[in-house]
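Fold and contact review
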Amino acid sequence: MDTLRGFEDDRTEYDSHDQADLRVDDNAHFDIGADERRMHVRAYNHWVSLLHGRAYPSIEDLDPENIADFGAHSVLLDFTAGIDNPAIQFLGRALRTECDLDSSVTHINQVPGRSLLSRLTDHYLQIIANRAPIGFEAEFVSIRGHNTMYRGILMPFSSDDDTIDFIYGVINWKELVDAETQAKLDAEIAVAVRQAPRAAVTAPAWASGPSADLDASAIEQGPDEAAPAALSDQLMLAQQTAAAARAADTRSRSALYRALGRAFDFSTAASADPAGYTTLLAKAGIAEQARAPMTPIVKLVFGADYDKTRITEFAAVLAHARRCNVPAGALADFLDMAEGGIKGIVAAERALKRPTPRLDPLAVARDALRARAPITTIDFPAELATGDFILLVARADDSGRLAIVGSVAGDDRRADPIIVQAAR
């Protein structure tokens, strides 16, 4: 048990997930690794499983010391005493060992600035601002001077289903080779890529798609007239994968997940090249949508003629992936590990976008008055249950005392604004 009071042995468990759908072309980016990416997704999936229809999971349902999968790589921050310097309520053994921390480190301000734990805790204010899980990945030089790549996720928890007063974080890492070795590897890869033959594109994604003549026209035009080749090529790759999913009528889950993964990767590339993206939309006759920015992406990839309900669902999946900072090449795995697959992700995204219900001012006022100490008590003939309200009308008499001359029942609507005013 890794807590502020002591430590016990962490339990570990091997990941037996079927990796048949992991292909080289689905994971083109060399990154921290598949197992680490799956840990990131499993942690999010665990968070979703604890929601139970609430805005945030209850902290009472979280038991990090008994999460064999990723508990050793996790930390629980307690904000009940304020957000400036949250307490560390739980710190997994693997993370504690990596950061070389003992039980005397109990708050964020005691965490060394160049430790792996600081990489995780530096993001906690984003959770407070966004009120949703935050995923991130980066690279840094650790205290020991090792170049380290890491991926983490922070997830909000609440003790009252309203206030974010706990944050649970999971992080995994990998130390990289030294700069000289990495440079040699990069050079060898660059040479291999330049020497590799490029396959010619012989057909558009599908005959009736939104850009059936897009790539042919781009080839005929000069380089200054066509959309940027990299973005256009990435769109075609996504369209071809989506065409395969459409041909299977989306019954093949792995094909659909790969298609959505391609669409998400294209959306990331489009964000880095807004001018090129605008050109592709214009050529396809698709308008941008400020309030639903992922919808045009889905239309470009799957076709504007695609089922509207599916377009909306797929756009929600891409938006949720962007919200959770799912890295490029990882959306298929993210969907594969998510509780409920696409439907579960859509439900989670809609729940996060749903506005917080407004509190009833009258109910708030009644609760405040019930909790307030009485100014005085009197005997008054009225058939009231404990906690009921009644408004009394009084006038001052010659002796300076108050004489009650009338009353209004507390459930009378005319009394509502007076009750609200009295509670202020």
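This is a predicted model, so every value here is computed, not measured.

What counts as what
All residue numbers refer to positions counted from 1 along the written sequence of the respective chain. With the structure being a predicted model, the display of local features is reserved for residues of pLDDT at least 70 and the display and counting of side-chain atom pairs for 80 or more, all residues being used for whole-chain, interface and lining totals. Each side-chain value is worked out from all heavy atoms of the structure, with water and hydrogens disregarded. For every residue, the pLDDT score states the predictor's confidence, bounded by 0 at the bottom and 100 at the top. Contacts are assigned to residue pairs with any non-hydrogen atoms lying within 4.5 Å of each other. Throughout this description, buried means an accessible area under 20% of the type-specific maximum (1.4 Å probe, protein chains only), exposed means over 50%, and partly exposed covers the range between. Strands are runs of DSSP state E lasting at least 2 residues, helices are runs of H or I lasting at least 4, and numbering of each runs from the N terminus. The rule for pairing is simple: two strands pair if DSSP sees at least two bridges between them. Orientation is described by axes fitted as lines to C-alpha atoms, over the contacting stretch for helices, and by angles from 0 to 180 degrees between their N-to-C directions. Whenever Lys or Arg places a side-chain nitrogen within 4 Å of a carboxyl oxygen from Asp or Glu, that contact is recorded as a salt bridge. Between 30 and 60 degrees the pair is tilted, below 30 it is stacked and above 60 it is edge-to-face, where a pair is any two Phe, Tyr or Trp rings, Trp via its six-membered ring, whose centres lie within 6.5 Å. An angle counts as roughly parallel when it lies under 35 degrees, as roughly antiparallel when it exceeds 145, as roughly perpendicular when it falls between 65 and 115, and as oblique in every other case. Helix crossings are classified by the rotation of the near helix relative to the far one: an anticlockwise turn of less than a right angle makes the crossing left-handed, while a clockwise turn makes it right-handed. Residues are grouped as follows: Ala, Val, Leu, Ile, Met, Phe, Trp, Tyr, Cys and Pro are nonpolar; Asp, Glu, Lys and Arg are charged; every other residue, Gly included, is polar. By construction, the arc corresponds to the directions joining the helix axis to the C-beta atoms.

Detailed reading of the predicted model is not advised wherever pLDDT is low. For the chain, per-residue confidence averages 75 on the pLDDT scale, and 75% of positions sit at 70 or higher. With pLDDT under 50 throughout, residues 1-36 is counted as low confidence; its partners more than four residues away or in other chains account for 75 contacts. Counting interchain partners and residues more than four positions distant, the pLDDT-below-50 stretch residues 198-229 has 40 contacts.

The next subject is the pairing of strand E4 (residues 147-158). With 11 of 12 residues buried, E4 is to be regarded as a mostly interior element. The pairing of strand E3 (residues 134-141) with E4 spans eight bridges and is classified as antiparallel. In the strand pairing of E4, Glu-139 is matched with Met-149. Across 11 bridges, E4 lies against strand E5 (residues 164-175) in antiparallel orientation. Paired with Ile-153 across the strands is Val-170, a residue of E5. Here E4 hands over to E5 after five residues, with Asp-161 in that stretch at a positive phi of 65°.

Another point: the environment of Ala-292. Structurally, Ala-292 is set in the loop between helix H9 (274-284) and helix H10 (294-302). Along the backbone, Ala-292 and Ala-319 are 27 residues apart, and their C-alpha atoms lie at a distance of 8.5 Å.

For the rest of this paragraph, the subject is the sheet that holds E5. With antiparallel pairing, five strands are arranged side by side in an open sheet as E2-E1-E5-E4-E3. The two strands at the open ends of the sheet, each matched to only one other strand, are strand E2 (87-91) and E3. Averaged over all pairs of adjacent strands, the angle between strand axes in this sheet comes to 25°, irrespective of strand direction.

The tally for this structure, following the rule as stated, stands at six salt bridges. The salt bridge partner of Asp-69 is Arg-42, with a shortest N-O separation of 2.4 Å. Taken together, the residues span a long stretch of sequence, with Asp-69 in the loop between helix H1 (34-49) and strand E1 (74-78) and Arg-42 in helix H1 at a distance of 27 residues. Among the residues examined, Asp-69 registers a relative accessible area of 23% and is labelled partly exposed. You can call Arg-42 buried: its relative accessible area is 11%. Residue Arg-253 is joined to Asp-336 by a salt bridge in which the shortest nitrogen-to-oxygen separation is 3.2 Å. Residue Arg-253 is found in helix H8 (residues 253-272), and its partner Asp-336 is found in helix H12 (residues 331-337); the two are separated by 83 residues along the sequence.

Looking now at the packing of aromatic side chains. In the structure shown here, the tally under the stated rule is seven aromatic pairs. On the basis of an interplanar angle of 85° and a centroid distance of 6.4 Å, the ring pair of Phe-157 and Tyr-168 is categorised as edge-to-face. With a gap of 11 residues between them, Phe-157 in strand E4 and Tyr-168 in strand E5 connect regions that are remote in the sequence. Neither residue differs from the other here; Phe-157 and Tyr-168 are each classed as buried. Both rings, one in Phe-302 and one in Tyr-306, keep their centres 5.5 Å apart while their planes meet at 20°; by these two values the pair is stacked. The buried category is assigned to Tyr-306, whose relative accessible area is 11%.

Although it is not a glycine, His-52 adopts a positive phi angle of roughly 55°. Along the chain, His-52 falls in the loop between H1 and E1. For Asn-325, which is not glycine, the phi torsion reads 55° and is therefore positive. Residue placement: Asn-325 occurs in the loop between helix H11 (308-323) and H12.

Another point: the packing of H8 against H11. Running from N to C, H8 and H11 point in directions that differ by 60°, and their axes come no closer than 10 Å. The angle between H8 and H11 falls in the class oblique. You can see that H8 and H11 cross each other, and the crossing is right-handed. Within the contact between the two elements, H8 uses Leu-256, Leu-260, Ala-263, Phe-264, Ser-267, Thr-268 and Ser-271 and H11 uses Arg-310, Phe-314, Val-317, Leu-318, Ala-321 and Arg-322. Each residue belonging to the contact of H8 with H11 can be placed in one class, and the counts come to eight nonpolar, three polar and two charged.

With that settled, consider the environment of Thr-386. The topology assignment puts Thr-386 in the loop between helix H14 (361-371) and strand E6 (390-396). For the pair formed by Thr-386 and Arg-370, sequence separation is 16 residues and the distance between their alpha carbons is 9.9 Å.

For the rest of this paragraph, the subject is helix H15 (residues 416-423). Regarding H15, the residues found buried are Ile-419, Val-420 and Ala-423. Seen from one end, H15 has its buried residues packed into an arc of 100°, which puts them on one side. Of the surrounding secondary structure, the elements contacted by the buried residues of H15 are H14 and E6.

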